[in-house]
Structures are given as structure tokens and as C-alpha cells.
Amino acid sequence: MRNLCLRCLRPQATCYCARVPRVDSRTHVVFLQHPRERRVAIGTARMAHLSLPNSELHIGVDFTGHARLTQLAARPERVAVLFPGEEAISLEEARENPPETLIVVDGTWPLARKLVKTNPLLAGLPRIGFVPRRPSNYRIRAEPADHCVSTIEAVVEVLGTLEGGQERFDALLGAFDFMVDTQLERQSTRLGPARKRLYKSAWQPPLELRSIAEDFERLVLLYAEANAHPLEAGLPSELVHLVAARPSTGERFEAIVSPRQPLARSTPLHVELSEEELRAGESLESGLARFQAFLRPEDKLAVWTTFALELLRRDGFPVPEAVNVRLACARALKQKTGGVEQGAEQLGGAPGEPWTRGRAGRRIAALEAAVRALAERGRATEPPPRRAVAS
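All values reported here derive from a predicted model rather than from experimental measurement.

Q: I keep staring at the pattern of salt bridges and nothing clicks. Help me out?
A: Where charged atoms of side chains with opposite charge meet at close range, the side chains can pair. Taken as a whole and assessed by the stated rule, the structure comprises 22 salt bridges. The shortest N-O distance in the salt bridge between Arg68 and Glu56 comes to 3.0 Å. Highlighted residues: Arg68 in helix H3 (residues 67-73) and Glu56 in strand S2 (residues 55-59), separated in sequence by twelve residues. Overlapping salt bridges, with partners in common, bring together Asp215, Arg218, Lys300 and Glu321 in one network.

What follows is the structure in C-alpha cells.
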């Protein structure tokens, strides 16, 4: 029988308590955890609760008559629920009038939805939704969609935006990363047979890989470069180079957009286009109109990070549905990935010769190599062979 740490409830050999920081927050965080999630050893709500002194953790499904929840719901103007939905406001909107208390629902998505549905008090409170700034590192647990992250990652992102000082809240992820890395290391070095599950469905590739394979015919790969000034300049980044490719047909798109703001000194160096080329680019309106004409109604964008999407949204472009290729790559490799060129190499993809100029040319080629490799894995009918363990 394994000895458990009574604080983090993990086996002593994988206890993460020494890596749990104390991070004070202005926002009071209330975790509502589904009882089934309490039994999940790799859950993260307890980890977040241990790191945040200004938090509390309650376990249950039906909180009808729960004194604490009733007390909070009586002041809806000061409380918000972190849960997506059509009526949810964005983090940017919430930052204008931040809640004093943030209620965080913890459980798998079906269990979390059930918990919210079961408690009318929650349904009557304002909701906050957000798109994560980076893929989840929860590589030991499958997520149902690209935008899904663990509870602790969600709390870190939201508190960092609401209160500022993102680096301070990022410190919470030290214990989380340790838990993930430790779990993966133990899985890879286990000598005996894998633990048997009572109910086991047929194997299939991770959801992110299956989605890329199924949507391959309508994927449009996208990469963008920006005229980016130092933060102290107070000038927002602006689109200057946009490239896209439809791998199913070989169609390609490129727009070099003339900067509307002063050209940052480092921009030509980073994008690998001369100042003359950038200044001679077309207008933003022309470039976006051509890109809109390039897209089809059923298209789905594929990006390595959300930066290109943010640039388009900033200029009022109606961004269609998008898939995060970096997240799919992390799922496939079961490890963090660097840039798109490193990701393509790790997947075994071989980028073709760049078909356009600048850094964008290399990266769109690498993105295509990565997507093709992921699509192939997404069509697999058998799991990849286990990595051999060095003796």
C-alpha cells in the first residue's frame, strides 16, 4: 500500500508540496469540485487551492441550501463564475469591472456542465470565458478541444489578466509542470504491464489529431508577421506579412502590408524583409479583402500560436474557426514543443522549399509539414510503438 501525502493527496514519491508557492491574490477564489474529480490523483483544483491563501474548496454536486454559496450569490455584482457559454463575457470585459470573488467549477467537462446545471444559483451569476494564450501542458489527460486547459492553468490565466502581474501567478504552474513531467516519466519507465482498466474502449488517436485528419480538406494554414515595437513605446503590434496555404489543393496566399505606424527598427530584421519591401506593401484594406476572397465558407484555420488570429481580430477581420497545431503536436509527442520548425522536425515531417520570402516562408512550410504529419497520425488505427527504455 502506497503512503500518501495528507496535504496534496499524492503518493509520497510524487508529492509536489515542496513546489507549491504561496501567491496572494486580491480576488477571492472559490473552487466547487465534483466528487468524482476529488478521486482523480492528477487533478489540479487542490493544487491551486493550496497555492492561493485567499481561496476555499467545496466538494459536491447539488449545493442547494449551501450557506456559503447562497451568501455569495446574494451579491451577484461582486461574483463571477469561470465557465464558458454564449452569455459569458471576455476577460478583457471582466478586467474593466473585476469581480471580488471568482467561482471556479472543477471536473471533466460533462461533470462541470452537470454541476452548473444542477445549481440554479450558479446559472444566475455572471460568467467569464476566455481563450488561452498558449496550449495546455496537461499532457497526462486528454482535453476535449483546443481551448480547454486544466483548472490551475485557467485560474493562473484569469487572475493574471484580472489583477495584472501575470508572472506572479505563473509561479503556480511550477508544481503542475512537475506533476505532469513526473507522471510521464513514470509511465515511460514502468517495467511491468500497464494497469488494466475495467472498461476500455477501442484505441483511437487523440482528439486533436483526429480533428486535423477529418478536417484536412478544409484546413487553411496561416502565419503572420507584425511590426512590433518595444512595450515601453506603447504602440500595438500591426500586421505586415500574411501568408496562408491550403494543403489539400496546394493553393497559396501572400500579402505584404505597408505599416500604418512608424516602422520599428527591429521589424525588417525579424521578418527578414527589407524596409523598402515593407513600405512598398499594399494597404491593409486591400490585403484583408484578398484574404477574405481566398477563404471559403467551410474553411478552418490552422495556426501554431494564436498571434496571427489576434492580429486579424485587432483589424476587425472576421476570423473563422481555428485549430491550434502546437497543442496537437504536444499531444502527439507527449512533451512540450518549441517553435513550429522544431515541432515539424520532432514529428518527422520534412518541410518543402519555402515558396515565399522572409521568415514567414520557412514557417508556413514547417507548419504544413507538421500538419501533414499530424493528419497521418490522426488516421492511424493502432497506437504508436512504445519508446524503448534505456537499460
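Okay, back to it.
Q: How should I be thinking about unusual backbone geometry in this particular structure?
A: For Leu9, which is not glycine, the phi dihedral falls at a positive 65 degrees. By secondary structure assignment, the location of Leu9 is in the segment before strand S1 (28-33). Given the relative accessible area of 39%, Leu9 is considered partly exposed. For Glu272, which is not glycine, the phi dihedral falls at a positive 65 degrees.

Q: What's the story with the packing of aromatic side chains in this structure? I'm lost.
A: Aromatic rings considered in pairs are described by the distance between their centres and by the relative angle of their planes. Counted according to the given criterion, the structure contains five aromatic pairs. When the ring of Phe291 is compared with that of Phe294, the centres are 6.5 Å apart and the planes differ by 15 degrees; the resulting orientation is stacked. Note that Phe291 and Phe294 are positioned in helix H13 (residues 284-294) at a spacing of three residues, about one turn of the helix. Of the two residues, Phe291 and Phe294, neither departs from the other in class, the shared state being buried. Following the ring pairs from residue to residue traces out a cluster consisting of Phe253, Phe291, Phe294 and Phe317. When the ring centre of Phe216 is taken as reference, the NZ or CZ atom of Arg379 above it lies at 5.7 Å.

Q: How should helix H17 (residues 358-378) be read in this particular structure?
A: An α-helical segment advances 3.6 residues per turn. Residues three or four places apart therefore align on the same side. Between its first and last C-alpha, H17 extends 31 Å over 21 residues, near the 30 Å set by a 1.5 Å rise per residue. Summarising burial for H17: 16 of the 21 residues are buried, a large majority.

Q: Explain the packing of helix H15 (residues 325-333) against helix H16 (residues 340-347) here, please?
A: Two numbers describe a pair of packed helices, the interaxial angle and the distance between the axes. Their axes nearest at 11 Å, the elements H15 and H16 cross at an angle of 35 degrees. At the point where H15 passes H16, the crossing takes the left-handed sense. The residues of H16 that touch H15, namely those facing Cys329, Ala332 and Leu333, are Gly343, Gln346 and Leu347. Its residues placed into classes, the contact of H15 with H16 shows four nonpolar, two polar and no charged.

Q: Any chance you could explain the nonpolar core here in plain terms?
A: Nonpolar side chains in soluble globular proteins generally cluster together in the buried interior. One finds Tyr16 and Ile152 to be the most contacted residues of the largest nonpolar core, which totals 37 residues. Here the element with the most residues in this core is helix H7 (residues 151-163); it accounts for seven residues. Tyr16 has contacts with Cys8, Arg10, Met47, Leu50, Ala175, Phe178 and Met179, leaving out every residue within four places of it along the chain. Core analysis: the second largest hydrophobic core is formed by 29 residues, Leu219, Tyr223, Ala302 and Ala369 among them.

Q: Just to check I follow, could you spell out the sheet that holds strand S9 (residues 300-303) for this structure?
A: Pairing between sheet strands relies on hydrogen bonds along the backbone, with the strands arranged either parallel or antiparallel. Sheet architecture is open: five strands sit in the order S8-S7-S6-S9-S10, paired in mixed fashion. Looking at the sheet topology across the chains shown, the edges are occupied by strand S8 (251-256) and strand S10 (322-324). Averaged over all neighbouring strand pairs, the angle between strand axes comes to 25 degrees, with direction disregarded. Examined bridge by bridge, S9 and S10 share three bridges and lie parallel to one another. Within the sheet, the bridge partner assigned to Ala302 lies in S10 and is Val323.

Analysis parameters
- Residues numbered from 1 in each chain as written.
- Predicted model: local features only at pLDDT ≥ 70, side-chain atom pairs only at ≥ 80, totals over all residues.
- Heavy atoms only, no water.
- Salt bridge = Lys/Arg side-chain N within 4 Å of Asp/Glu carboxyl O.
- Helix = DSSP H or I, 4+ residues; strand = E, 2+ residues; numbered from the N terminus.
- Buried < 20%, exposed > 50% of the residue type's maximum accessible area, 1.4 Å probe, protein only.
- Phe/Tyr/Trp six-rings, centres within 6.5 Å; stacked < 30°, edge-to-face > 60°.
- Lys NZ or Arg CZ within 6 Å of the ring centre and 35° of its normal.
- Expected span 1.5 Å × (residues − 1).
- Axes fitted to C-alpha atoms, helices over the stretch in contact; angles between N-to-C directions.
- Left-handed = near helix turned anticlockwise from the far one by under 90°.
- Contact = heavy atoms within 4.5 Å.
- Nonpolar A, V, L, I, M, F, W, Y, C, P; charged D, E, K, R; others polar.
- Core = buried A, V, L, I, M, F, W, Y, C linked by side-chain atoms within 4.5 Å.
- Pairing = 2+ DSSP bridges.

Interpretation in functional terms is not warranted from these geometric data alone.
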